[in-house]
Amino acid sequence: MTGRMWHLARHDSRLFLLRKENLFFMLVMPILFMLFFSSVFRGGGGPEDVKVKLSVIDQDRSFLSHAFVRQLEGEHFDLAVFDAAPADSVELLRVLTIPASFGDSILAGRKVELDFTKHPDSNLSYDVAAEMHLHRAQVAFLGTLIRWEQELSRRFDHIDQVGEADRARLLALAAEPSLVTVQDRWAGEGRPVPSGAGQSIPGMLAMFVVMTVLIGGSESLTREKHQGTLARLLSTPFSRGEVLGGKVLHLTLVGLVQALVLMGAGEAMGAFHLFGIDFSWGPHAPTLILVLIPYAFAVACLTLFVGGLFRTTQQAESMAWLLGMILAAIGGCWWPLEAMPHGARVLAAFSPAYWAMSAFHALITFGQGPSAVILPSLILIGFGALFAWLGGRTMRSGGIG
Amino acid sequence: MTPVLAVENLRKSFGDLVAVDGVDFEVAEGEIFGFLGPNGAGKTTTISMIAGLLRPDDGEIRVDGVSIADDARAVKRKLGVVPQDVAVYAELSARENLRFWGGIYGLKGQALRERIEELLDQVGLSERADDPVKQYSGGMKRRLNLAMGLIHRPRLILLDEPTVGIDPQARKKILEIVESITRGGQTVLYTTHYLEEAESFCDRLAIIDHGRILAEGSIAQLKAQLGEGSLLTVQGEFLEQPFREILAGLGDLREVEITDGRAMLLVPGGSRGVGPALEGLYGAGLHLDDVLIKEPNLEDLFLKLTGRELRD
Ligand SMILES: Nc1ncnc2c1ncn2[C@@H]1O[C@H](COP(=O)(O)OP(=O)(O)OP(=O)(O)O)[C@@H](O)[C@H]1O
Ligand SMILES: [Mg+2]
């Protein structure tokens, strides 16, 4: 069985390499794209470069809570402030609730607790960044309070006692650069938030695995259908499963080679600081193979399905382009998932690219160990099985006429 | 003795269209069995079912006694399928195509190389063996198409109209190759709508139309179905119905086909009977413009069975 599939896969790979456009797609185009996007977004890529979504529910609505919100504005938050929990607050990614007693408690010197809730969908790395920003805002706010208190002519025990001028002064202080800031640094590998080249290099890799396999594969599958060789193969002692399995094996190899080429290219760009690109796959690079194989397999099976659905090469190729772009976009290859609306993040789970990107980020950015790729890999294998089944159903051919 | 190929009550429909409608036949070892029928008769559909590409709605196919439903792999190993439409890899050369195909059947090394050279020689492609197939002429592609089906010396060769749609010179070349195959004592199922081909090298044949076998047997047996005698074709200014009435009064003349202005009749007793027959027709007052006398062939049988010409 495997011997027969290898025979077919070798043959298909040979045909693939004979077509110049495939080589262009595999070697030239993705590397150019990678260079371009990584140099445009080459920024150091620290957490401070990324705006993190945060919803604030200000139940207090005092000048003190307003001052704290102003302090938050000084951080890299993409803020939405509500007076009360909005109807769809369950949908919000991260919610900071300022309790009604906030202002009074501060003035009275009582302990006050802010509630910070994260939605299960929220991205771990962004949560980490959000906590860090919050932490900085808190420190800054304390500094502001101290400065303000020193300027006050008297002590207040109750919020209503504070005059208009003092209130305005606090708000003004909160808007000033704070005296104390916390400079965060992450020890160890990578950065907590994928951005810059840390986003675009894995993103281009995940995208071009989809594009190369999907476009090259659906072209060759439809060609093989209308040139009659697919039917002819099915009339040999090779079973249908072996014939289609050989195709999947070949396409998986194409995807893997594409991924390895781009891994090498990305590492080289980082190593030579080409156009100022700062990047490395880090010490877990070999572990990436564990997710690249299931990823290439899932994309190969998807290609079988697309190749089976369409009759003409033109139809299949245009569909491959479109589908490839959509899967890359919703899968988070082009921009961090955080930048996408909630609905799109739900869709993302349907793109194999999303799972590949999750695993890449887990390994490269968060420095998690190989166990982090187990779930994405299993999901990708599941995708592969589903598409293989669908592909087997669509890849029916009539007679040999 | 078990026939190499036995087909029983084979049926296949595409939606409402019944493409193959209860076909039965057997092909014995070493026999060249012809499948003769016009476009859309169901030849390719039948071959596709034998090749395991289409699942029959009903019926059974056995090769050397083994049913394809029971052991498709064993059956397919014995088949050499040559599809009607050329199915080869255009980017590869003839030699590469043959090497790949031979590999599928488990041939390798020296044995494969020798077999490839032998076949290239047999189909006359040795000189162009390393050029990509996309640079070949239509006839050369067909010859390669044929060679690919022969690479593993199959027990049963399925040839689906190997000469259709090519120029006379290329066709002659293909026919020579087919003849060289048939001389080798191979068992072949040969579909065609060219009567001369069927007549020239098929041991037995079946005439198929609308998915049914209308007649089956050796050339002699089939000709005998028309009856002994000469074929008399007359043309003139007459209508079908009055002509039939005249014919009824003329004793042994048998109708093959009658239309307005043209009639084909079988005259018993050979050419000696033609004179009296013509006398009878003239005597009845018919005006004839054209008269043709010839020995009946399968074309005429086909016309008689289906009321249609073999080629449209
Ligand atoms: N896959 C299919 N779907 C629908 N109809 C089909 C299919 N294949 C064949 N047919 C129909 O079945 C009938 C028999 O077709 P088939 O190809 O077997 O004829 P054929 O004898 O090989 O004709 P030709 O000499 O033109 O090759 C035709 O009417 C054809 O249109
Ligand atoms: Mg046909």
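Scope of this entry: the structure provided in the associated data block. Only a predicted model underlies this, so the values are computations on that prediction, with no experimental measurement involved.

**Examining the overall build of chain A**
Okay, step 1: Helix and strand counts for chain A stand at 14 helices and four strands.
Okay, step 2: When each of the 401 residues of chain A is scored for burial, the buried share is 52%.
Okay, step 3: Accessible surface computed for chain A: about 17,600 Å², of which carbon and sulfur atoms make up 63%.

**As for the site of ligand 1**
Residue and element names in this part refer to chain B.
Okay, step 1: Around ligand 1 there are 14 residues in total, and Gly40, Lys43, Thr44, Thr45 and Glu161 lie nearest to it.
Okay, step 2: Note that an oxygen atom of ligand 1 is positioned 2.8 Å from one of the side-chain N or O atoms of Asn39.
Okay, step 3: Between Gly42 and ligand 1, the recorded distance is 2.9 Å, taken from a backbone N or O atom to an oxygen atom.
Okay, step 4: Look at ligand 1: alone it shows 640 Å² of surface, and the protein chains cover 64% of it.
Okay, step 5: Counting only elements with at least two residues in the shell around ligand 1, the list comes to strand S2 (17–27) and helix H1 (43–50).
Okay, step 6: Of the residues assigned to the shell around ligand 1, the class counts are five nonpolar, seven polar and two charged.

**Observations regarding the environment of Ala80(A)**
All names here are of chain A.
Okay, step 1: As for its position among the elements, Ala80 is in strand S2 (residues 77–82).
Okay, step 2: Overall, Ala80 belongs to the partly exposed group, its relative accessible area being 27%.
Okay, step 3: Between the C-alpha atoms of Ala80 and Leu262, which are 182 residues apart in sequence, the distance is 39 Å.
Okay, step 4: In this view, Ala80 contacts Leu54, Ser55 and Val56; residues no more than four positions away in its chain are not counted.

**A word on the sheet that holds strand S4 (residues 115–118) of chain A**
All names here are of chain A.
Okay, step 1: Read from one edge to the other, the open sheet built from four strands follows the order S2-S1-S3-S4, with strand pairing classed as mixed. Because the sheet does not close on itself, it has two edges, and the strands there are S2 and S4. If you compare each strand with its neighbour and ignore which way they point, the axes differ by 20° on average.
Okay, step 2: Bridge count between strand S1 (residues 52–58) and strand S3 (residues 94–98): four bridges; the pairing is parallel. When the bridges of S3 are listed, Asp58 appears paired with Ile98.

Procedures and definitions
- Residues numbered from 1 in each chain as written.
- Chains lettered and ligands numbered in written order.
- Predicted model: local features only at pLDDT ≥ 70, side-chain atom pairs only at ≥ 80, totals over all residues.
- Heavy atoms only, no water.
- Helix = DSSP H or I, 4+ residues; strand = E, 2+ residues; numbered from the N terminus.
- Buried < 20%, exposed > 50% of the residue type's maximum accessible area, 1.4 Å probe, protein only.
- Areas by Shrake-Rupley, 256 points an atom, 1.4 Å probe, with all protein chains shown as cover.
- Near = heavy atom within 4 Å.
- Polar contact = N/O pair within 3.5 Å; in protein donor to acceptor, adjacent residues only side chain to side chain.
- Nonpolar A, V, L, I, M, F, W, Y, C, P; charged D, E, K, R; others polar.
- Contact = heavy atoms within 4.5 Å.
- Pairing = 2+ DSSP bridges.
- Axes fitted to C-alpha atoms, helices over the stretch in contact; angles between N-to-C directions.

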